[in-house]
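Fold and geometry: a report
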Amino acid sequence: MHEMSLMSEIIQAVSADAQTRGIKRVERIDVIAGELSNVLPDALELAFFYFQKQGIHCIDESTTLRISTEPAIARCEECQLEFKPDYRIALCSKCMRTSCVLLSGETFKVESYEGSE
């Protein structure tokens, strides 16, 4: 489960940034996980709960995690149809071509966090 290492990196990055800003406790972390990012939101949340119980860095049991899912959208370069792909390499449902570009759905990032002194 690579979500454990991803969550560890998120907590370390947020904690380092919070420390430079004089924030002692992080109250909420907001993460965006695209449908095609290969991140399982449930597993990421489970990893967060594990670290939350440990009270490492500036998170504790009152810290919350909010995961927003970014929908996958692709556009066919031939017929310009926008559609929801199942995979990164998408086949257009209208013209059956593979000349499609992903417009969204691969994002995985910390959008923001809130904390207090």
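As annotated in an unreviewed UniProt entry, the protein is Hydrogenase maturation factor HypA from Jeotgalibacillus haloalkalitolerans. As recorded by UniProt, the Function (unreviewed entry) comment attached to the protein reads in full: "Involved in the maturation of [NiFe] hydrogenases. Required for nickel insertion into the metal center of the hydrogenase." Quoted straight from UniProt, the Sequence similarities (unreviewed entry) entry for the protein says "Belongs to the HypA/HybF family."

When the terminal C-alpha atoms of helix H2 (residues 41-54) are compared, their 20 Å separation across 14 residues agrees well with the 20 Å that a helix rising 1.5 Å per residue should span. Among all positions of H2, only Ala 43, Leu 44, Ala 47, Phe 48, Phe 51 and Gln 52 are buried. Buried residues along H2 sit against helix H1 (3-20), strand E1 (25-34), strand E2 (64-70) and strand E6 (108-116). Gly 55 sits one or two residues past H2 and shows a positive phi near 65°.

Of note in the backbone geometry, Asn 38 takes a positive phi value of approximately 65° without being a glycine. A residue is classified by how much of its surface remains accessible, and Asn 38, at 53% relative accessible area, is exposed. If you check the backbone angles, Met 96 has positive phi at about 60° while not being a glycine. Checked against the element boundaries, Met 96 lands in the loop between strand E4 (82-83) and strand E5 (100-104).

In a beta sheet, neighbouring strands are held together by backbone hydrogen bonds and run either parallel or antiparallel to one another. What the three strands build is an open sheet, ordered E4-E3-E5; its pairing is antiparallel. With one partner strand each, in any of the chains shown, E4 and E5 form the two edges of the open sheet. The pairing of strand E3 (residues 73-76) with E4 spans two bridges and is classified as antiparallel. Paired with Ala 74 across the bridge in E4 is Phe 83.

Let us now look at the nonpolar core. If you look at the biggest cluster of nonpolar residues, it comprises 18 residues, and the most contacted ones within it are Met 7, Val 26, Ile 29, Ile 59 and Tyr 113. If you list the elements that add at least two residues to this core, you get H1, E1 and H2. Considering every element that reaches this core, the biggest residue donor is H1, with five residues. When near neighbours in sequence (up to four residues on either side) are disregarded, Ile 29 contacts Ile 10, Val 14, Phe 48, Ile 59, Thr 64, Leu 65, Arg 66, Val 110, Ser 112 and Tyr 113. Of all hydrophobic cores here, the second largest spans six residues; its members include Cys 76, Phe 83, Cys 92 and Cys 100.

Parameters at a glance
Residues numbered from 1 in each chain as written. Predicted model: local features only at pLDDT ≥ 70, side-chain atom pairs only at ≥ 80, totals over all residues. Heavy atoms only, no water. UniProt positions renumbered as here; feature names shortened; annotations may be inferred. Helix = DSSP H or I, 4+ residues; strand = E, 2+ residues; numbered from the N terminus. Expected span 1.5 Å × (residues − 1). Buried < 20%, exposed > 50% of the residue type's maximum accessible area, 1.4 Å probe, protein only. Contact = heavy atoms within 4.5 Å. Pairing = 2+ DSSP bridges. Core = buried A, V, L, I, M, F, W, Y, C linked by side-chain atoms within 4.5 Å.

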